[in-house]
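# What the coordinates show
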Amino acid sequence: MKTPIPFYLDKILNSVRDEDGGEVADYIPQLAEANPDQLGVALCSVTGHLYSAGDAENRFTIQSISKPFIYALALQELGLNEVCEVVGLEPSGQAFNELSLANDHRPVNPMINAGAIVVNQLINGVDSSVEDRVERIRSYVSKLAGREVDVDKRLCDSELENAERNLSIAHMLRSYGIIQDDAHDAVLSYVSQCALSIDVRDLAVMSATLANGGRQPVTGEKILDADVCRLTLAVMSSCGMYDGAGRWMAEVGIPAKSGVAGGLIGTLPGQLGVATLSPRLDEQGNSVRGTAIFQELSSDMGLHLMSTDNRFGVHPVRSVDEDDETAIIRLQGHINFTATEAILHELEERQFSEKRLALDFSQVSGLHQVGRRMLKEGLRRLKEEGNEVALVDDNGLVTDRAMSDGTVLPLADKEDYVIAGEEV
Ligand code: GLU
């Protein structure tokens, strides 16, 4: 069986493909040349399973999506108190490039440019050269992505040609003694950070690293402390979407960060990371179709952080028993999207063929509609591959057993699936 998750992602892309609202950012000349029709999505679970659809390998610059990750690095190197001496934690409700400082002259948060320029200056110590600082950042982002990433020099030069706004922010910060480097060096270092070249698959894994308490879920490397990830996600949730942050949290409910190259990430703590690419932006500088994808994912997959449906804690596959003819997969707990993903992954790995196979819902405490839909699709695929599939569902959790091939999933008795020698 092939897990239906990539097909599901493809379907979501198709549902937003015709939306052509918004404009590609052109204040950085090189960005204006991006193909506006690019559309990609990737999703990575905290267990390290990565799925993608569309233009998932198209490279683009990370831009402001670097901000939460570099903030996390500063927290990791220096701790919250020291970082808070130079940048606050409050949402600004202002545009990303606003010349905005709090009354004590600190930038209000690390997700707007003023705050991000300050945070960049903390990396590798105040005496670091620009070159060493950028290299420290590049190698850290490479660990997060699980591959060596590079700075896109052309994009970086292009942004530097038109960096008056960021230069004026840096001059302002230096005049108040918040940064020590001269304005040009500070902007060069910050813009290099923004010009790291990545794709949505990299971003999904990076985002899942935050969701996973700082352990990169694919390489297994521990990069950040769990406390640092929690703080970073908290700041993303209140400040990540600029002046659209409040509306985003209400409608989508996933801590997120956007970038002017059209990237967007969302991180669901303890569950998964998602990333999208679509370069046309709305007035707040957030990707129009990226936002639409997240709205759809949130409502359709039950991913809103404030949803009272967010219950999990046990592994959804309680046990799998099989012999040459029969297989029974016992599920447990609350089957939300993340649990569904884990079940489908298990079914894919086992490569069942020509089996009498049942999914047992006896120990399941709740079933989200996304779980019902996708597990049915998984069973349909197993059936297509020659297995005989059924449900053990005495509590009637699977309210609609019709499958997309027009047949109805049969119900079975647990007793008919006893494997010799096992204890039920
Ligand atoms: N490098 C961009 C800037 O500072 C990043 C802005 C963004 O992605 O929102 O203008």
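Please refer to the structure placed before this passage.
All values reported here derive from a predicted model rather than from experimental measurement.

Bringing the overall build of the chain into the picture now. Helix and strand content of the chain: 14 helices and 14 strands. In terms of overall dimensions, the chain is globule-like: its C-alpha atoms have a radius of gyration of 24 Å, near the 22 Å expected for 424 residues. With the C-alpha coordinates of the chain rotated into their principal frame, the extents come out at 80 × 40 × 35 Å. Put simply, of all contacts in the chain between residues at least 6 apart along the chain, 69% involve residues at least 24 apart. Per element, the accessible surface of the chain, about 17,000 Å² overall, is 44% carbon and sulfur. Measuring between centres, the 37 positive side-chain charges of the chain sit 2 Å from its 66 negative side-chain charges.

Okay, the packing of aromatic side chains next. Each aromatic ring pair is summarised here by two numbers: the centre-to-centre distance and the angle between the ring planes. The final tally for this structure, using the stated rule, is two aromatic pairs. Ring geometry for Trp248 against Phe294: centres 5.6 Å apart, planes inclined by 55°, an arrangement best described as tilted. With Trp248 in helix α11 (residues 245–251) and Phe294 in helix α12 (residues 288–301), this residue pair connects regions lying 46 residues apart in the sequence. Residues Trp248 and Phe294 agree in their burial class; the two are buried.

When helix α6 (residues 153–161) is considered as a whole, its buried residues turn out to be Leu155, Cys156, Ser158 and Glu159. Viewed along the axis of α6, the buried residues span an arc of 160°, placing them on a single side of the element. Opposite the packed face of α6, turned more than 90 degrees from it, sit the exposed residues Lys153, Arg154 and Glu161. Packed against the buried residues of α6 are β4 (60–61), β5 (150–151), α7 (164–175) and α8 (183–194).

For the rest of this paragraph, the subject is the side chain of Arg380. Considering the arrangement of structural elements, one finds Arg380 in helix α14 (residues 369–384). Polar side-chain contacts of Arg380 include one of 2.9 Å to the side chain of Glu377.

Now for the site of the ligand. Every residue close to the ligand is listed here: Tyr27, Gln63, Ser64, Phe96, Asn113, Glu159, Asn166, Tyr190, Cys194, Tyr242, Gly259 and Val260. Asn113 is positioned with one of its side-chain polar atoms (N or O) 2.9 Å from an oxygen atom of the ligand. Taking 300 Å² as the accessible area of the ligand by itself, protein coverage stands at 99%. More than half of the atoms belonging to the ligand lie within 2 Å of the grid points that define the largest cavity.

What follows deals with the sheet that holds strand β13 (residues 356–367). Taken together, the four strands give an open sheet; going across it, the order is β11-β12-β13-β14, and neighbouring strands pair in mixed fashion. With partners counted over all chains shown, the strands left at the sheet margins are β11 (317–322) and β14 (388–392), one partner each. Between one strand and the next, the sheet's axes are offset by a mean angle of 15°, whatever the strand orientation. Sheet strands touched by α14: β12 (326–335), β13 and β14. Its angle to β13, the strand with the most contacts, is close to 175°.

What follows concerns the nonpolar core. Core analysis: the largest hydrophobic core is formed by 79 residues, its most contacted members being Phe69, Tyr71, Tyr140, Val141, Leu203, Met206 and Leu224. Sequence-distant contacts of Leu203, that is, excluding residues within four places in its chain, are made with Phe60, Ile62, Ile65, Ile198, Ile265 and Ala275. Within the second largest apolar cluster, 54 residues are counted, among which are Tyr8, Ile254, Leu344 and Val370.

Attention now goes to the pairing of β11. The pairing of β11 with β12 spans five bridges and is antiparallel. The residue of β12 that forms the bridge with Val320 is Ile329.

Mapping His49 onto the fold places it in the loop between β2 (40–45) and β3 (50–54). With residues up to four places along the chain from it excluded, the contact list for His49 reads Leu43, Cys44, Glu341 and His345.

A separate point is empty space enclosed by the protein. One pass over the full model with this rule turns up four cavities of 30 Å³ or more. Looking at the largest cavity, the residues that line it are Tyr27, Gln63, Ser64, Phe96, Asn113, Glu159, Asn166, Tyr190, Cys194 and Val260. The residue makeup of the lining of the largest cavity, split by class, is five nonpolar, four polar and one charged.

The phi dihedral of Gln63 is positive, around 50°, even though this residue is not glycine. For Gln63, the location among the structural elements is in the loop between β4 and α2 (66–78). With a relative accessible area of 2%, Gln63 lands in the buried category. The phi angle at His105 is positive, at roughly 75°, despite the residue not being glycine. Tracing the backbone through its elements, the reader meets His105 in the loop between α3 (80–84) and α4 (113–122).

A few words now on the packing of α2 against helix α10 (residues 226–239). Two numbers describe how α2 lies on α10: the axes approach to 9 Å, and their chain directions differ by 140°. Put simply, α2 runs oblique to α10. Where α2 crosses over α10, the two elements pack in a sense that is right-handed. Side by side, α2 and α10 meet where Pro68, Tyr71, Ala72, Leu75 and Gln76 of the first sit next to Val228, Leu231, Thr232, Val235 and Met236 of the second. Here the contact of α2 with α10 is composed, by residue class, of eight nonpolar, two polar and no charged.

What follows concerns α7. Along its 12 residues, α7 runs 16 Å from first to last C-alpha, staying within 8% of the 16 Å computed at 1.5 Å per residue. Three or more residues of α7 are buried, namely Asn166, Ile169, Ala170, Met172 and Leu173. Buried positions in α7, seen along its axis, are confined to an arc of 160° and lie on one side of it. In α7, those exposed residues whose orientation departs by more than 90 degrees from the buried face are Glu164, His171 and Ser175. Buried positions along α7 lie against α4, α6 and α8. Looking at the residues trailing α7, positive phi occurs at Gly177, about 75°.

Rules of the game
- Residues numbered from 1 in each chain as written.
- Predicted model: local features only at pLDDT ≥ 70, side-chain atom pairs only at ≥ 80, totals over all residues.
- Heavy atoms only, no water.
- Helix = DSSP H or I, 4+ residues; strand = E, 2+ residues; numbered from the N terminus.
- Rg over C-alpha atoms; globule rule 2.2 N^0.38 Å.
- Contact = heavy atoms within 4.5 Å.
- Areas by Shrake-Rupley, 256 points an atom, 1.4 Å probe, with all protein chains shown as cover.
- Lys, Arg positive; Asp, Glu negative; His and termini not counted.
- Charge placed at Lys NZ, Arg CZ, Asp CG, Glu CD.
- Phe/Tyr/Trp six-rings, centres within 6.5 Å; stacked < 30°, edge-to-face > 60°.
- Buried < 20%, exposed > 50% of the residue type's maximum accessible area, 1.4 Å probe, protein only.
- Arc of directions from axis to C-beta.
- Polar contact = N/O pair within 3.5 Å; in protein donor to acceptor, adjacent residues only side chain to side chain.
- Near = heavy atom within 4 Å.
- 1 Å grid on protein atoms, 1.4 Å probe; cavity = no way out; pocket = protein on both sides within 12 Å on 5 of 7 lines; lining within 4 Å.
- Sits in = over half its atoms within 2 Å of the grid points.
- Pairing = 2+ DSSP bridges.
- Axes fitted to C-alpha atoms, helices over the stretch in contact; angles between N-to-C directions.
- Core = buried A, V, L, I, M, F, W, Y, C linked by side-chain atoms within 4.5 Å.
- Points joined across faces, edges and corners; volume = space filled by probe spheres on them.
- Nonpolar A, V, L, I, M, F, W, Y, C, P; charged D, E, K, R; others polar.
- Parallel < 35°, antiparallel > 145°, perpendicular 65-115°, else oblique.
- Left-handed = near helix turned anticlockwise from the far one by under 90°.
- Expected span 1.5 Å × (residues − 1).

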